[in-house]
Amino acid sequence: MVIDLKCACLYLSRYPLYQLGNPQLRIFRTNFFMTLVKPGKEQPPDTVQFRIPMEMTKCDIKNYLEKIYSVPVGAVRTRIQYCTNKKRNHLNQRVKRPDYKVAYVQLVQQQTFQFPEIFPQKDTALEPGSVEEMQDQFMQDEQQRQKADPRRGGVTEWFGL
Amino acid sequence: MAAPSRLPLLQFCSTRVFLLRCTQGFHGEPVVREPAYPPVIPSRTAKSKSAKKRREEDYYNQVRAASLVQDKLRLLTRLQRKKYVVYPQTFTLNADRWYQHFTKTVFLPGLPGKCSVGRQVVDKENGKVPPAAGGVDPTVLDENTFSELRSLVGNGILQENFYLKKRRPFLQKEQEHFVAPFLSNLVSSVTSSLAKYNPLLKMSSLDFNPEVSFYWMRGERTVPRGHRRGRVDPIRFQINDQPHCQIRVPEQLEEFLPLQESVSAEVPVVHFEPNRLPMFQRQYDNNIFIGSKVTDPCSYGHTQFHLVHDRFKRGRLIKGNLADQVEVRLRANAIASLFAWTGAQAMYQGFWSHEDLTRPFVSQAVVTDGQYFSFFCYQLNTLALTVQTDQDNPRKNICWGTESMRLYEQVKDGEVVGLNDDVLKLLVNFLLNKPQKM
């Protein structure tokens, strides 16, 4: 298989094996794309989390960030997340959710990164005197009326006079 | 009273009993006895929190009551569970802050007054003037001995790098090939020539490639999954360290700071779980070892010498954008190794987390990669690191340390160029450290 180094479609090929004396392997216009994601579990402030294609390695990530984005990288750790094959569709066939690779990149020189809040929490404060506020108040009063007498201690009205 | 005639047999065999029975009916002083109930304590085997507390109390009392140190250590290390393995020489970033948090250590740059270069020994009776800062005390060490030491060190460096014809070492074995024999040579020769000035060194024991290990608990976590899910467990740590060589002595070194004195610096607190460092968990034998068994007479530590592995050499770190991590890793190495050594020494004397130290334990370390030397002193003030014992514990462990200093610039044409005297003086001061009464 001829490996075209200019437009490296690295999904279908392995890297050419290096032997002493070979020139430095250079790849222009890679086919890799990394996605910055918000960490699911709390990460230390200098750690950035990415979802990367399965074929990418730690060295690839380091070179990618340093050469293309000029971000100096301290350490990279990767893992592969296995996703379920248990779900079934309407034809009872098993449907695989695709696996993905996650990379944790630690930045140098105490730099920190905080993933931004894309969906900020909105304060739902209704205007006094508006229709929505009166409706909300009415619903709350209804619910209060429907509740049983707390002095009965949870006993239903079936028992009693 | 009239004896009934119907009981002739009774009269013969049991007159005494009959009499006794009669006497009991007489009115006399009532015997007052306090009701003796057993103490009301919670059960041992019930599935309740008070029963769990009682089992823990019984366990702690059992450890306290153990007379031999070996029994205490066995009871404390008997239960095996998953624990974090702390490596003193680590590839992780910013490891020194995390290690300070795990060991409750404060790091102070520079060395304590006793060990710094220009150690002042003022003789109050004669009123001798202390030597100028930067010099070795002339009353202890004279110029001849110092120049002898210089030549010893220079010869050691040349031996490995110039005189001996060596093959090119295999990948990542340069330190083992060039620096390890030089370090052994340096330590043994300098120690033997300084032995006449420090009688402690005459009674010391120099170990090569000893094993130092320590097991401790710090912090708590809830077990997330498994058959023990939901239970609150302490987080366990284990260090298994192999310094290049160490000096063990029979007498304890003097403290740098009094035990009760508080230091203004704070212990850094890390709120993340240790596996985010990253640090990994394993389950195996819980070891506590200083380099020799409990019955050895040299049960206190003096100095450790650490060799930086090829993977963590300066050149590799600078190539990998981690130039600021060089000092960080040296500090992490010193803190972890010295905490393990002093902690193990304290446990050998019978102290543990619920029976805290009554005197501080002190040790020193030199971390080197052949050319750069850094010196560290550690004072262990407390072993009470578990959540229960740490609540009212104001004591902190203290680590002093220097930046890395070059011993020599390079080896050129059979000559050592730029041999730094300050480093040698610090080394001499370290090795001459001894308790006041000797």
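Residues numbered from 1 in each chain as written. Chains lettered and ligands numbered in written order. Predicted model: local features only at pLDDT ≥ 70, side-chain atom pairs only at ≥ 80, totals over all residues. Heavy atoms only, no water.

Engineer: How should the interface of chain B and chain A be read in this particular structure?
Structural biologist: Put simply, an interface is often sized by how much accessible area is lost when its parts join up. Tallying the contact residues gives 11 residues for chain B and 18 residues for chain A. Each partner contributes to the roughly 1,100 Å² buried at the junction of chain B and chain A, and carbon and sulfur atoms together form 50% of this total. Summed over the shared surface of chain B and chain A, the number is three residue pairs in polar contact (both at pLDDT 80 or more). Grouping the constituent residues of the side of chain B that touches chain A by class yields six nonpolar, three polar and two charged. (Contact = heavy atoms within 4.5 Å. Buried area = accessible area lost by both parts, 1.4 Å probe. Polar contact = N/O pair within 3.5 Å; in protein donor to acceptor, adjacent residues only side chain to side chain. Nonpolar A, V, L, I, M, F, W, Y, C, P; charged D, E, K, R; others polar.)

Engineer: How should empty space enclosed by the protein be read in this particular structure?
Structural biologist: To find the voids left in a structure, one rolls a probe of water-molecule size over its atoms. This model, assessed by the stated rule, comprises five cavities of 30 Å³ or more. Of the voids in this model, the largest cavity is the one considered here, and its volume is about 180 Å³. Secondary structure elements with two or more residues in the lining of the largest cavity: helix 9 (314–319), helix 10 (325–348), strand 9 (361–368) and strand 10 (372–380) of chain B. It is helix 10 of chain B that contributes the most residues to the lining of the largest cavity, four residues altogether. Classifying every residue of the lining of the largest cavity by side-chain character gives eight nonpolar, six polar and four charged. Around the second largest cavity, the lining residues are Leu107(A), Val108(A), Gln109(A), Gln110(A), Leu93(B), Asn94(B), Asn321(B), Leu322(B), Asp324(B) and Gln325(B). Taken together, the residues that form the lining of the second largest cavity break down as four nonpolar, five polar and one charged. (1 Å grid on protein atoms, 1.4 Å probe; cavity = no way out; pocket = protein on both sides within 12 Å on 5 of 7 lines; lining within 4 Å. Points joined across faces, edges and corners; volume = space filled by probe spheres on them. Helix = DSSP H or I, 4+ residues; strand = E, 2+ residues; numbered from the N terminus.)

Engineer: Would you explain a nonpolar patch on the surface in this entry?
Structural biologist: A cluster of nonpolar residues, Val155(A), Trp158(A) and Phe159(A), forms a patch on the protein surface that exposes about 400 Å² of accessible area. Its place among the elements puts Phe159(A) in the segment after helix 2 (131–146). (Patch = residues over 30% accessible without salt bridge, like charges linked within 9 Å, V, L, I, M, F, W, Y side chains within 5 Å. Areas by Shrake-Rupley, 256 points an atom, 1.4 Å probe, with all protein chains shown as cover. Salt bridge = Lys/Arg side-chain N within 4 Å of Asp/Glu carboxyl O.)

Engineer: What exactly am I supposed to notice about the layout of surface pockets here?
Structural biologist: Estimated volume of the largest pocket: approximately 1,400 Å³. Forming the boundary of the largest pocket are 38 residues, of which Lys52(B), Glu56(B), Tyr59(B), Tyr60(B) and Pro234(B) lie nearest the centre. For the lining of the largest pocket, the secondary-structure elements that each account for two or more residues are helix 3 (49–65), helix 4 (69–77), strand 4 (212–222), strand 5 (232–241) and helix 11 (387–390) of chain B. Examining the composition of the lining of the largest pocket, we find that seven residues originate from one element, helix 3 of chain B, more than from any other. The class makeup of the residues in the lining of the largest pocket is 17 nonpolar, nine polar and 12 charged. Lining of the second largest pocket is provided by 23 residues; of these, Lys62(A), Gly74(A), Ala75(A), Arg316(B) and Leu322(B) occupy positions nearest its centre. Elements with a minimum of two residues in the lining of the second largest pocket: helix 1 (58–68) and strand 3 (73–81) of chain A together with helix 9 of chain B.

Engineer: What should I look at first to understand the nonpolar core in this one?
Structural biologist: One recurring pattern in soluble globular proteins is that nonpolar side chains are buried together. Grouped together as the largest cluster of nonpolar side chains are 104 residues, with contacts concentrated most on Tyr99(B), Leu194(B), Phe214(B), Trp216(B), Phe305(B), Phe375(B) and Leu407(B). Counting residues per element, this core draws most heavily on helix 10 of chain B, at 13 residues. Beyond its immediate chain neighbours, meaning those up to four positions away, Leu194(B) contacts Leu141(B), Leu149(B), Leu201(B), Val428(B), Leu431(B) and Leu432(B). Counting 14 residues, the second largest nonpolar core, distinct from the first, contains Phe32(A), Met34(A), Phe50(A) and Val73(A). (Core = buried A, V, L, I, M, F, W, Y, C linked by side-chain atoms within 4.5 Å. Buried < 20%, exposed > 50% of the residue type's maximum accessible area, 1.4 Å probe, protein only.)

Engineer: Is there a simple way to explain the side chain of Ser189(B) in this structure?
Structural biologist: Residue and element names in this part refer to chain B. Tracing the backbone shows Ser189 in helix 7 (residues 174–194). Using a relative accessible area of 16% as the deciding quantity, one classes Ser189 as buried. At 2.6 Å, the side chain of Ser189 forms a polar contact with the backbone oxygen of Asn185.

Engineer: Would you mind showing me how to read the packing of helix 5 (residues 95–103) of chain B against helix 10 of chain B here?
Structural biologist: Each pair of packed helices gets described by two things: the angle between the helix axes and the distance between those axes. Residues and elements named next belong to chain B. Packing of helix 5 against helix 10 leaves a shortest axis separation of 8 Å and a crossing angle of 20 degrees. Here helix 5 lies roughly parallel to helix 10, going by the angle between them. Along this stretch, helix 5 crosses helix 10, giving a crossing that reads as left-handed. Of the residues in helix 10, those touching helix 5 at Ala95, Asp96, Tyr99, Gln100 and Thr103 are Val328, Arg331, Ala332, Ile335, Ala336 and Phe339. (Axes fitted to C-alpha atoms, helices over the stretch in contact; angles between N-to-C directions. Parallel < 35°, antiparallel > 145°, perpendicular 65-115°, else oblique. Left-handed = near helix turned anticlockwise from the far one by under 90°.)

Engineer: How should the pairing of strand 10 of chain B be read in this particular structure?
Structural biologist: Sheet faces and side chains relate simply in a regular strand, where the side chains alternate between the two faces. Residues and elements named next belong to chain B. Burial analysis of strand 10 places nine of its nine residues in the buried class, the great majority of the element. Hairpin remark: strand 9 followed by strand 10, antiparallel, with three residues in the connecting loop; positive phi at Gly370, about 105 degrees. Of the strand pairs in this sheet, strand 10 and strand 12 (residues 405–406) are connected by two bridges, and their pairing is antiparallel. Paired with Phe373 across the two strands is Met405, which belongs to strand 12. For strand 10 and strand 11 (residues 397–401), the ladder comprises four bridges, and the chain directions are antiparallel. In the sheet register, Tyr378 faces strand 11, and the bridge partner there is Cys399. (Pairing = 2+ DSSP bridges.)

Engineer: Got a minute to help me understand the pattern of salt bridges in this structure?
Structural biologist: Pairs may arise between side chains of opposite charge once their charged atoms sit close together. Residue and element names in this part refer to chain B. Counted according to the given criterion, the structure contains 23 salt bridges over all chains. Here Glu251 ties to Lys437 by a salt bridge, and the two come within 3.4 Å at their closest N and O atoms. Of the two residues, Glu251 is situated in the loop between strand 6 (245–249) and strand 7 (281–282) and Lys437 in the segment after helix 12 (421–431); the sequence distance between them amounts to 186 residues. According to the relative accessible area criterion, Lys437 is exposed, its value standing at 70%. Where Glu409 meets Arg406, a salt bridge forms, and the shortest distance between an N and an O atom there is 4.0 Å. Relative accessible area serves as the criterion here: at 41%, Glu409 is assigned to the partly exposed category. Among the ionic contacts, a cluster of salt bridges with common partners joins Arg44, Arg54 and Asp58.

Nothing here speaks to function; it is all geometry.
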